[in-house]
Amino acid sequence: MSRRALRRLRGEQRGQEPLGPGALQFGFRDDDDAEEEGPKPGPGGPRPRSPGKEGVRVNNRFELINIEDLEEGPVVNGEKSDGLRTEAVVSGSKRKSQSGSAEPRKDGEVDDRTGPLEQSNVSGKLRKKKKKQKNKKSSAGETSENGLEDIDRILERIEDSSGSLHPSPPLLSSRKHVLYVEHRHLNPDTELKRYFGARAVLGEQRPRQRQRVYPKCTWLTTPKNTWPRYAKPGLSMRLLESKKGLSFFAFEHSEEYQQTQHKFLAAVESMEPNNIVVLLQTSPYHVDSLLQLSDACRFQDDQEMARDLVERALYSMECAFHPLFSLTSGTCRLDYRRPENRSFYLALYKQMSFLEKRGCPRTALEYCKLILSLEPDEDPLCMLLLVDHLALRARNYEYLIHLFQEWEAHRNLSQLPNFAFSVPLAYFLLSQQADLPEEELSSAREKASLLVRQALIMFPGVLMPLLECCSVRPDAAVACHPFFGPSSEISQPPALSQLVSLYLGRSHFLWKEPSIMSWLEENVREVLQAVDAGDPAVAECESRRKVLYQRAPRNIHRHVVLSEIKEAVAALPPEVTTQSVMGFDPLPPSDTIYSYTRPERLSPVSHGNTIALFFRSLLPSYSMEGERQEDGGAEGLDHNQGLNRLMLAVRDMMATFHFHDPEAPHEDHAEGDGEWD
């Protein structure tokens, strides 16, 4: 046979000859396999095999797969006998130690294969060492037939040994599971890929991620190439204490970060966003500056830049996490009374709002759970007023129902109008799903009707505004009834009116479906029948409303300010609307825990000359040299620059003055005086 035909049989091509005498020469089959199977007839008749079998010359890597290796020893019930395997390994190792050199070749064999024989023996030793390791692993219970066994057999074996392949996680049954956060749901791309596909979402992002220069992998945000290079801004986190299975953490500011914080507060007092931009040029990862500038961009309808600044703030804070701080466990706490921790709360809330507007309610729900898990008892941002809305939008009805069942006993969630109406709506929407058994569907429908009737009796002032928001004209019997009439809205306390306005302004569109409206109409008629029959629950709920909703706590007011819902903001009490509300720290708690204090700044009235104070009162943009240096706005202003500013202020003031000469004739008004007669 010609060399060309041999190359074709071997899968070789011209120019693919081995680099050296021992290149790519492997002893593929083991001697123990040869003993078990016996000699195999070759194409030219039976070919004897020697103990020191030479390697097979391979130029194509796929020729390593030999059909002979698939034919192993005896198999019992789909598994190989451990005794035979161990005996084969021992005999093979003994034979390998005894065979020191290759036997002389017989006539008809090519002489140039004598050199690669030594490399073949070395590769055979390495192969048998690997086989020993595989046999050790198989003796521990994970048997496999040289990695080529059928996958179905492996799955069946694992199921037999462990009972089930992947046992499904148990139903959420404890409080910590209610606050459990999943990492994959913190990424909005996960939700967007479910809607539009991975190619549409990650098509432009894949080449960028290869050249990323950011050292740390984060869960909350993905760093962008357009951001400034990250350098530690002086923000860190420390563990305060651990007790009762909970870990309490707190962010800390270094001295350099404290100086930057003082400059930021001075920039906020100047009411000039450009001062914050100048500060970010020197400290690009100062969290409060990023959040405050994000609000300014959002007010100017630059939503993309506002979201980018919030993501950068989250990245800065996540890089400062303590190694033991976990986002998902639900057992890590951050005290909102510490000003250093509030920035993290606000950054998460703003990111959650952007995600909801972006059309990612499932991701926004995960952020809401994360904020709630940081301090669930106090709930400083009152996320319980929002979690039901996000759960309904994300169609995660089971989570909302489970949260209500777990926390109703100790948190009285049914006393909040949003939970009182959202939970029965979740039950009703759950009963509309066709993939559930008929018994569960009927049970969910009955539970939904019972809960919505209780909600209508407890909060009768919700029905008419809800129908008005949904553009539904109520029945005359309902509109004229005193229980649901205008008196029900007027008689409810102001704190309750604020909660109702917040819920309707946020979730009224969830009730617009015709099937939901017909279900609500049925239950409204049953409630009217109960009221006309003199049900004692009606009077009991009326007395409870007068006692429970006398005054709203501060965290509800803080939530209303952050929500920016017009109907709820208009219902805020005067003591909240009359005080200044800062975007970086809205309505701080009265029992704030300060770790450091801002140095006292001298009031402009207490120092400075009279002329400077006079021009400051006339021109708010004018600032004295001493204040400039103290604020850190333009350090190093000399005396001449201060005088130049003063002269410019004088010129501006004199240009606006107009002197009136009383002796001048009034010719211009001669004709106009007669018109007023």
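Everything below is about the structure shown above.
Here we summarise the structure given alongside this text. Remember, it's a predicted structure, so these values are computed and weren't measured experimentally. (Residues numbered from 1 in each chain as written. Predicted model: local features only at pLDDT ≥ 70, side-chain atom pairs only at ≥ 80, totals over all residues. Heavy atoms only, no water.)

## Quick notes on the overall build of the protein
Threshold: We count a stretch as a helix when DSSP gives it H or I for four or more residues in a row; a strand needs E for two or more, and each element gets its number in order from the N terminus. Whether a residue is buried, partly exposed or exposed follows from its accessible area with a 1.4 Å probe, protein chains only, as a fraction of its type maximum: under 20%, in between, or over 50%, in that order. Between two residues, a contact is recorded if the distance between any of their heavy atoms is within 4.5 Å. Using the Shrake-Rupley algorithm and a 1.4 Å probe, accessible areas are obtained, with residue cover drawn only from the displayed protein chains.
A tally of helices and strands in the protein yields 32 helices and 9 strands. A burial count over the protein gives 41% of its 677 residues as buried. Summarising the internal contacts of the protein: among those between residues at least 6 apart in sequence, 71% fall at separations of at least 24. Of the accessible surface of the protein, which amounts to about 40100 Å², a share of 53% is contributed by carbon and sulfur atoms.

## Considering the pairing of strand β8 (residues 246–253)
Going by this rule: The pairing criterion is simple: DSSP has to find at least two bridges between the two strands.
Note: strand β7 (residues 235–243) against β8, 8 bridges, orientation antiparallel. The residue of β8 that forms the bridge with Leu239 is Phe249. Remark: 2 residues form the turn of the hairpin made by β7 and β8, two consecutive strands paired antiparallel; Lys244 in that turn has positive phi of roughly 55°. Here β8 runs beside strand β9 (residues 332–334); their pairing, made up of 3 bridges, is parallel. If you follow Phe248 over to β9, its bridge partner there is Arg333.

## Focus: the sheet that holds β9
Heads up, the condition is: Think of each axis as a best-fit line through the C-alpha atoms, taken over the contacting stretch in the case of a helix, with angles from 0 to 180 degrees between the N-to-C directions.
Taken together, 3 strands build an open sheet; the order of strands is β7-β8-β9 and the sheet is mixed. Across the chains shown, the open sheet's two edge strands, defined by having one partner strand only, are β7 and β9. Averaged over all pairs of adjacent strands, the angle between strand axes in this sheet comes to 35°, irrespective of strand direction. Relative to β8, helix α15 (residues 339–358) is tilted by about 100°, and along the sheet it contacts β8 and β9.

## Brief notes about the nonpolar core
Heads up, the condition is: Nonpolar core, defined: a set of buried Ala, Val, Leu, Ile, Met, Phe, Trp, Tyr and Cys residues in which side-chain atoms within 4.5 Å join the residues together.
Grouped together as the largest cluster of nonpolar side chains are 128 residues, with contacts concentrated most on Phe344, Phe419 and Trp511. For this core, the leading source of residues is helix α19 (residues 417–431), giving 10 residues. Residues contacting Phe344, with those up to four places away along its chain left out, are Leu220, Phe251, Leu314, Met317, Phe321, Leu327, Leu334 and Leu374. The next biggest cluster of nonpolar side chains, apart from the first, holds 5 residues, and it includes Trp227, Tyr230, Tyr285 and Tyr315.

## Focus: the pattern of salt bridges
We apply this condition: The term salt bridge refers to a pairing of a side-chain nitrogen on Lys or Arg with a carboxyl oxygen on Asp or Glu at a separation within 4 Å.
For the structure shown, the criterion picks out 20 salt bridges. With its nearest N and O atoms 3.4 Å apart, the salt bridge here joins Arg184 to Glu182. Judged by its relative accessible area of 26%, Glu182 falls in the partly exposed class. For the salt bridge of Arg238 with Glu252, the shortest nitrogen-to-oxygen distance reads 2.2 Å.

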